[in-house]
Amino acid sequence: MSTKESSAEKAGQDAVASLNKRTGRNMPQAVATGALLVILILACILIRIDAFIYLIVVFMTLGLWELRVDFATVGLHIPVVELWVCSAATMLASFYASDHVAVMTAGVLTTALVGALAATREHHLGGRLVKAVDAKLSGKNADTMADASYDDDTVSSSSNTVANVGVTILTVVYVTLLACLITLPISIGGHPAAHAFMVIFLPALSDIGGLLFGSLFGKHKISPRISPSKSLEGLVGSMLCCLIGALVIFASTYPVAQWGQIWWVALVMGVMVGVTGTVGDLSASLIKRDLGIKDMGHLLKGHGGVLDRVDSILMSAPFITLVLLVTGL
């Protein structure tokens, strides 16, 4: 290899290392994983919309397991099997039922009740969970591990029970309810593919815009304590990318004759999702900071866990659903 080629390779490696440092993630891995996810989601949406619903159920199942491990690192327990069964049944029933909203509401309330009752019983950590918790704890610093209540015999049984019920209800709201609101737009309005693109790809564009603008121009931090990487410049980038994405989705999926009446909805949705996507990232960062962990999981190379990837999608879903219901789209 010539000196010139060696210098060019080193410059390329330095550029990648600098980008990884600014973004806080392995960008080549993140791009490759993101591309595979986009292909998978597009295939499910375009081939058969039911496949997209089942894909969301799978992601929800993985997300519940991640939370099970994360909460266990601080001595909290969620009844993951009961939540898996009830949450999956709720999502599928609400999609196939004629009255989607009523069935979803009944299913979420039932899941919360069953989960709360199951959280009160005594539980024992299985071998796989113990290994996952130990691996998660090994990534914490000494101060965080000392503060954690995992395997702490001084915590009273009654206090633990109340805490377990509390985090179980939080999990039902954060995962089950919001995941149902990802699939609900697919069932309304007669534009399943367009609505699927909105609930999945607009928040993803928010993440991309925030990451790009934040790494290049970010100087004014939104909340350094919660998420040091989030900046006002990144928020502007999130809104701009979402705005462009919303206009493209609306223009390519709705009839031209209807465009003159709904163009403003695309503007509202683009700006709104840019904000809600950022709030979703901050909310997930707050949970992770309270638990003393960096990532919810490690299933997606370069992105962390499933919940790390879908936090902005979950937070944006109710607002996108509300806009579609109010406007009748």
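Refer to the preceding data block for the structure.
About the cut-offs
Residues numbered from 1 in each chain as written. Predicted model: local features only at pLDDT ≥ 70, side-chain atom pairs only at ≥ 80, totals over all residues. Heavy atoms only, no water. Patch = residues over 30% accessible without salt bridge, like charges linked within 9 Å, V, L, I, M, F, W, Y side chains within 5 Å. Areas by Shrake-Rupley, 256 points an atom, 1.4 Å probe, with all protein chains shown as cover. Salt bridge = Lys/Arg side-chain N within 4 Å of Asp/Glu carboxyl O. Helix = DSSP H or I, 4+ residues; strand = E, 2+ residues; numbered from the N terminus. Core = buried A, V, L, I, M, F, W, Y, C linked by side-chain atoms within 4.5 Å. Buried < 20%, exposed > 50% of the residue type's maximum accessible area, 1.4 Å probe, protein only. Contact = heavy atoms within 4.5 Å. Pairing = 2+ DSSP bridges.

K.L.:
Explain a nonpolar patch on the surface to me, using residue names and the numbers behind them.
P.N.:
A grouping of Trp 263, Trp 264, Leu 267 and Val 268 is seen on the molecular surface, where their side chains present a nonpolar patch of about 370 Å² in accessible area. Counting through the fold element by element, Val 268 comes out in helix H11 (residues 256-291).

K.L.:
Which residues make up the nonpolar core, and what values go with them?
P.N.:
Among the nonpolar cores identified, the biggest contains 70 residues, and Phe 52, Met 198, Ile 200, Phe 250 and Met 269 are the most heavily contacted of them. Excluding its chain neighbours within four sequence positions, the residues that come into contact with Met 269 are Met 198, Leu 202, Phe 250, Ile 320, Val 323 and Leu 324. Formed by 5 residues, the second largest nonpolar core is a distinct cluster that contains Val 69, Ala 72, Leu 129 and Leu 137.

K.L.:
Lay out the pairing of strand E2 (residues 227-231) with the relevant residues and their values.
P.N.:
Where strand E1 (residues 221-223) meets E2, 2 bridges bridge the pair, whose relative direction is antiparallel. Looking at the pairing, Ser 223 lines up with Ser 227 of E2. Connecting the antiparallel pair E1 and E2 is a turn made up of 3 residues.

K.L.:
Explain the side chain of Ser 206 residue by residue, including any values.
P.N.:
Along the chain, the position of Ser 206 falls in helix H9 (residues 192-217). With residues up to four places along the chain from it excluded, the contact list for Ser 206 reads Ser 238, Cys 242, Val 273, Gly 274, Gly 277 and Thr 278.

K.L.:
Please give an account of the pattern of salt bridges that cites residues and values.
P.N.:
Per the counting criterion, the structure on display carries 5 salt bridges. Between Asp 207 and Arg 309 there is a salt bridge, and its shortest N-O distance comes to 2.3 Å. One end of the pair, Asp 207, is in helix H9; the other, Arg 309, is in helix H12 (residues 306-327), and 102 residues separate them in sequence. Of the two residues examined, Asp 207 and Arg 309, each falls in the buried class. One salt bridge in this structure joins Asp 308 and Lys 288, with 2.8 Å as the shortest N-O distance. Taken together, the residues span a long stretch of sequence, with Asp 308 in helix H12 and Lys 288 in helix H11 at a distance of 20 residues. For Asp 308, a relative accessible area of 10% corresponds to the buried category.

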